[in-house]
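Structural description and commentary
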Amino acid sequence: VSVSRAIKPFAEPGRPPDWFSQKHCASQYSELLETTETPKRKRGEKGEVVETVEDVIVRKLTTERVEELKKIIKETQEKYRQLKKDAELIQAGHMDNRLEELCNEIMMWVI
């Protein structure tokens, strides 16, 4: 229960209400354990830290999330550049014939 409550604030919009149920979190974790390769045990000196399945899962999910965030940042930057370009064209008077269309697009983003 504590895990499902702890991750709820980080939810993406559009998740179903039962997404954070204890049962669903447990099934997702089980699926992660099943699909993750178990790290090979290394023979070494006492006190050597051996990577666990949990470490592999954390590393994998962290890498995936970093890639998702990079993609979102890139898309946001492209959108910003396009909007800045459009704003400059509007101020210069080159888009007067499309002002109504642009206004409708902006209203769609707001809603």
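Up top is the structure.
Residues numbered from 1 in each chain as written. Predicted model: local features only at pLDDT ≥ 70, side-chain atom pairs only at ≥ 80, totals over all residues. Heavy atoms only, no water.

1. Observations concerning the overall build of the chain
The number of helices and strands found in the chain is four helices and zero strands. Reading the chain from its N end, one meets helices and strands in the order α-α-α-α. Taken over C-alpha atoms, the radius of gyration comes to 23 Å for the chain, far larger than the 13 Å a tight globule of 111 residues would show. Taking the principal axes of its C-alpha atoms as reference, the chain extends roughly 75 × 35 × 20 Å. When the accessible surface of the chain is split by element, carbon and sulfur atoms take 57% of a total near 10100 Å². With 20 positive and 21 negative side-chain charges, the chain shows a spacing of 6 Å between the two charge centroids. (Helix = DSSP H or I, 4+ residues; strand = E, 2+ residues; numbered from the N terminus. Rg over C-alpha atoms; globule rule 2.2 N^0.38 Å. Areas by Shrake-Rupley, 256 points an atom, 1.4 Å probe, with all protein chains shown as cover. Lys, Arg positive; Asp, Glu negative; His and termini not counted. Charge placed at Lys NZ, Arg CZ, Asp CG, Glu CD.)

2. Section: the layout of surface pockets
The calculated volume of the largest pocket comes to roughly 920 Å³. In this structure, the largest pocket is lined by 20 residues; those nearest its centre are Ile7, Trp19, Gln28, Leu32 and Leu61. Every element with two or more residues in the lining of the largest pocket is listed here: helix H1 (2-7), helix H2 (22-35) and helix H3 (53-92). When residues of the lining of the largest pocket are assigned to their parent elements, the largest contribution, seven residues, is made by H2. Looking at the lining of the largest pocket, its residues break down into ten nonpolar, three polar and seven charged. At six residues, H3 tops the list of elements feeding residues into the lining of the second largest pocket. Residues belonging to the lining of the second largest pocket are distributed by class as follows: seven nonpolar, one polar and four charged. (1 Å grid on protein atoms, 1.4 Å probe; cavity = no way out; pocket = protein on both sides within 12 Å on 5 of 7 lines; lining within 4 Å. Points joined across faces, edges and corners; volume = space filled by probe spheres on them. Nonpolar A, V, L, I, M, F, W, Y, C, P; charged D, E, K, R; others polar.)

3. Regarding the packing of H2 against H3
When two helices pack together, their arrangement is given by the angle between the helix axes and the distance between those axes. Following both chains from N to C, one finds H2 and H3 inclined at 100 degrees, their axes separated by 10 Å at the closest point. With respect to H3, the axis of H2 lies roughly perpendicular. Touching Tyr29, Leu32, Leu33 and Thr35 of H2 are Val53, Glu54, Ile57, Lys60 and Leu61, all from H3. A per-class count over the contact of H2 with H3 returns six nonpolar, one polar and two charged. (Axes fitted to C-alpha atoms, helices over the stretch in contact; angles between N-to-C directions. Parallel < 35°, antiparallel > 145°, perpendicular 65-115°, else oblique. Contact = heavy atoms within 4.5 Å.)

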